[in-house]
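Breakdown of the fold
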Amino acid sequence: MGPLAGVKVVEFAGIGPGPMAAMQLADMGATVLRIERREPADLGVPRPLKYNLLLRNREAIALDLKDAQSIELVLELISGADALIEGFRPGVMERLGLGPDVCLERNPRLVYGRMTGWGQDGPLAHAAGHDINYIALTGALNAIGRKGQAPVAPLALVGDFGGGAMFLVMGVLAALLHARSTGQGQVVDAAVVDGASSLATAFYGLSAGGQWSGERGTNILDGGAPHYDCYECLDGRYISIGPIESRFHAELLRRIGIDEAAAGSPGDRSCWERMRGEFQRVFKTRTRAQWCELLEGSDVCFAPVLSFDEAPHHPHLQARAGFVEVDGVFQPAPAPRFSATPSKVPTAPRMPAGVAALRSWLSAERVEHWRHFLQEERSAA
């Protein structure tokens with residue numbers, strides 16, 4: 001089920017963008033097998049397991065990757081795989097005996113997906129880092145925040161997940177198309193610094209053309225414009241507005257009772273601070289629910305600012321079945337949506353399963369060959 005049904009992916013367990021990419025591939029129907037370390041480190045992932053949603057939709061086995069037999073099993077799995085995903089620092093897979101040269105010799109059609117923060121080469125390639133460091137280097141972090149205040153970390157959406165996982169998925173899928181047409185596999189070097197920079201392409205163009213100020217919080221899309229911002233309501237909750245186009249801006253002013261002539265043009269920056277004060281005053285006169293009743297669904301470019309607890313229950317997201325409940329946990333449904341090959345219904349994250357996890361990968365004879373070894377591995381763990 002799903003457009004990637006029949007595609008097999010070996011995933012080396014990690015945190016952040018790697019698991020997110022594997023989840024996306026699994027959501028779209030790929031058979032993904034996660035290779036866990038036999039004694040995984042505590043990396044701050046959600047506990048208990050059912051809350052670690054990035055691990056949904058796939059099986060796992062636990063192996064000691066310093067053990068020769070474990071490496072041989074992994075290589076056998078790779079021989080029948082379409083793709084591999086790993087997120088170690090550069091050189092780690094090579095030291096394990098699982099580098100691209102070895103794996104592509106076993107399976108010339110293999111797509112070898114590598115996910116790092118800094119990339120496979122460059123002066124910082126071997127340095128530790130996290131999302132905030134990667135987007136700091138690209139210019140993206142510097143552009144996010146309020147005027148006169150420090151930059152604000154935008155969760156891990158811009159770096160790990162947007163600039164990392166999504167670009168890894170895109171690269172793997174493109175390389176799979178190439179492998180199917182030519183029989184030739186290749187290495188996909190996905191780095192958060194590359195992906196986050198790519199996401200900022202439009203803003204680099206605006207900056208080069210003198211249409212984007214280097215001072216954060218002073219531009220039209222960074223909270224600098226009063227008509228593209230969030231405002232507190234009477235009940236302490238927030239709403240968002242974004243009527244960039246003149247006709248939408250005029251509609252907002254009409255609905256909330258501000259005279260359009262007195263407001264001035266939304267493109268006139270000299271009016272911005274005065275209008276921000278007006279919006280702050282007006283929006284504090286009603287509750288969020290009252291503003292939703294007046295503005296939601298109109299052309300004023302409006303939405304309430306919802307929490308993670310509230311979002312799954314919003315009527316629009318409910319109507320689109322945008323969230324699903326699995327094992328008592330509300331979570332985003334697979335995206336995007338496909339008309340002919342719908343993505344699979346998510347399954348809960350699973351513990352490493354031993355030999356049962358190999359049945360979709362190896363013949364019955366080979367599964368039996370590895371049964372005793374995996375039982376010993378599980379006993380040792």
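Residues numbered from 1 in each chain as written. Predicted model: local features only at pLDDT ≥ 70, side-chain atom pairs only at ≥ 80, totals over all residues. Heavy atoms only, no water.

Once that is clear, we can look at helix α9 (residues 246-256). Structurally, the α-helix is built with 3.6 residues per turn, so residues lying three or four positions apart point the same way. Every buried residue belonging to α9 is among F248, H249, A250, E251, L252, L253 and I256, and all of these are buried. Its buried side turned inward, α9 meets β8 (238-241), α10 (260-263), α11 (272-283) and α12 (288-295). Phi for G257, located one or two positions after α9, is positive at around 85 degrees. (Buried < 20%, exposed > 50% of the residue type's maximum accessible area, 1.4 Å probe, protein only. Helix = DSSP H or I, 4+ residues; strand = E, 2+ residues; numbered from the N terminus. Contact = heavy atoms within 4.5 Å.)

Bringing the sheet that holds strand β6 (residues 186-191) into the picture now. With parallel pairing, 6 strands are arranged side by side in an open sheet as β3-β2-β1-β4-β5-β6. At either end of the open sheet lies a strand with only one pairing partner, and these are β3 (59-63) and β6. Taking each pair of neighbouring strands and ignoring which way they run, the sheet shows an average axis angle of 20 degrees. (Pairing = 2+ DSSP bridges. Axes fitted to C-alpha atoms, helices over the stretch in contact; angles between N-to-C directions.)

We now examine the packing of helix α1 (residues 17-27) against helix α6 (residues 157-182). Two elements in contact, α1 and α6, have axes separated by 8 Å at closest approach and are oriented at 50 degrees. With respect to each other, α1 and α6 are oriented oblique. Seen along the crossing, α1 lies across α6 with a hand that is right-handed. Where α1 abuts α6, its residues P17, M20, A21, Q24 and L25 lie against D160, F161, G164, A165, M166, L168, V169, V172 and L173. A class-by-class count of the residues in the contact of α1 with α6 yields 11 nonpolar, 2 polar and 1 charged. (Parallel < 35°, antiparallel > 145°, perpendicular 65-115°, else oblique. Left-handed = near helix turned anticlockwise from the far one by under 90°. Nonpolar A, V, L, I, M, F, W, Y, C, P; charged D, E, K, R; others polar.)

Let's shift gears to the environment of M93. For M93, the position within the fold is in helix α3 (residues 92-96). Sequence separation between M93 and A263 is 170 residues, and the spatial gap between their C-alpha atoms is 61 Å. Leaving out residues up to four positions away in the same chain, M93 has contacts with F12, L84, E86, F88, L98, G99, Y112 and R114.

On to the environment of V32. Inspection of the secondary structure assignment puts V32 in strand β2 (residues 31-37). With a relative accessible area of 4%, V32 lands in the buried category. Residues V32 and I85, 53 residues apart in the sequence, show an inter-C-alpha distance of 9.8 Å. If we skip the residues at most four places from it in the chain, V32 touches V9, E11, A22, A26, R58, E59 and W361.

This brings us to the sheet that holds strand β7 (residues 229-232). Ordered by their spatial adjacency, 3 strands build an open sheet running β7-β8-β9, and the pairing between neighbours is antiparallel. Unpaired on one side and paired on the other, β7 and β9 (302-304) mark the two borders of the sheet. Ignoring strand direction, the axes of neighbouring strands in this sheet form an average angle of 25 degrees. As paired elements, β8 and β9 share 3 bridges and run antiparallel to each other. Its bridge partner lying in β9, S240 is registered against A303.

It is worth stressing that arrangement in space is one thing and function is another; only the former is reported here.
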